[in-house]
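Understanding the architecture of this molecule
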Amino acid sequence: KQEVTQIPAALSVPEGENLVLNCSFTDSAIYNLQWFRQDPGKGLTSLLLIQSSQREQTSGRLNASLDKSSGRSTLYIAASQPGDSATYLCAVRGRNSGGSNYKLTFGKGTLLTVNP
Amino acid sequence: DAGVIQSPRHEVTEMGQEVTLRCKPISGHDYLFWYRQTMMRGLELLIYFNNNVPIDDSGMPEDRFSAKMPNASFSTLKIQPSEPRDSAVYFCASSNADRAFGYNEQFFGPGTRLTVL
């Protein structure tokens, strides 16, 4: 059974700092990995999706990497801003989901606070 | 496109009552997902549909939960009877998948916050 872990559970940084959020998963047989952002009381917004054959994806100040063999992904946020404050979740779409090809397994998220 | 639309946004009901949550996926998307989010368990997939057909309902907690998708633009998640432990945020998401199953970016609605007293 796929398990996704995110460390740390919460992170507080001063504005302008570069930071890294971590995600690990137990089964490396995946189609892809997706990073989401969730603001309080809101739904999830997709940030980046990395296919299993890719090593990284970039969007603006965000860079996500994937090391499938070790079951790890990182989300790098450059020059953080107070507006980046949110919960960041990673989710993997596994190949070994008992025929359920579209099942996403989520981590519990990292709550990021960027202080002005 | 307006994105995934869910209603109601908030629902407060008493134990034993029937609750119906509604979702309109993004037009043209052929996959629809229902998730539940709680502090203890995080975000869990309950059921998903492909072309209006339920594909995997292994996450549905018990028979009190049922989901339908009568057409490509509408789905419901029903809880009958509701219990306090059903209190959570319920999300609907939709997706358009490629033929090789290699790409599946899911787009989420704003969620329905359900409180069962």
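Structure first, text after, so check above.
Let me begin by describing the structure that accompanies this report. (Residues numbered from 1 in each chain as written. Chains lettered and ligands numbered in written order. Predicted model: local features only at pLDDT ≥ 70, side-chain atom pairs only at ≥ 80, totals over all residues. Heavy atoms only, no water.)

1. Section: the overall build of chain B
Across its full length, chain B carries zero helices and 11 strands. On C-alpha atoms alone, chain B measures out to a radius of gyration of 14 Å, which is about the 13 Å that the 2.2 N^0.38 rule sets for 117 residues. Along the longest, intermediate and shortest principal axes, the C-alpha atoms of chain B span 45 × 30 × 25 Å. By the burial criterion, 48% of the 117 residues in chain B qualify as buried. Taking the contacts inside chain B whose residues are at least 6 apart along the sequence as the reference set, 56% of them involve residues at least 24 apart. For chain B, the accessible area works out to roughly 5800 Å², and carbon and sulfur atoms hold 51% of it. Of the side chains in chain B, 11 bear a positive and 14 a negative charge, and the two mean positions are spaced by 3 Å. (Helix = DSSP H or I, 4+ residues; strand = E, 2+ residues; numbered from the N terminus. Rg over C-alpha atoms; globule rule 2.2 N^0.38 Å. Buried < 20%, exposed > 50% of the residue type's maximum accessible area, 1.4 Å probe, protein only. Contact = heavy atoms within 4.5 Å. Areas by Shrake-Rupley, 256 points an atom, 1.4 Å probe, with all protein chains shown as cover. Lys, Arg positive; Asp, Glu negative; His and termini not counted. Charge placed at Lys NZ, Arg CZ, Asp CG, Glu CD.)

2. Brief notes about the interface of chain A and chain B
Listed as interface residues are 20 residues of chain A and, on the opposing side, 25 residues of chain B. At the boundary of chain A with chain B, total buried surface from both sides reaches about 1900 Å², with 52% on carbon and sulfur atoms. Here chain A is connected to chain B by zero salt bridges. At the junction of chain A with chain B, the criterion picks out two residue pairs in polar contact (both at pLDDT 80 or more). Top element by residues in the side of chain A that touches chain B is strand S4 (residues 30-38) of chain A. It accounts for five residues. Of the residues assigned to the side of chain A that touches chain B, the class counts are seven nonpolar, nine polar and four charged. (Buried area = accessible area lost by both parts, 1.4 Å probe. Salt bridge = Lys/Arg side-chain N within 4 Å of Asp/Glu carboxyl O. Polar contact = N/O pair within 3.5 Å; in protein donor to acceptor, adjacent residues only side chain to side chain. Nonpolar A, V, L, I, M, F, W, Y, C, P; charged D, E, K, R; others polar.)

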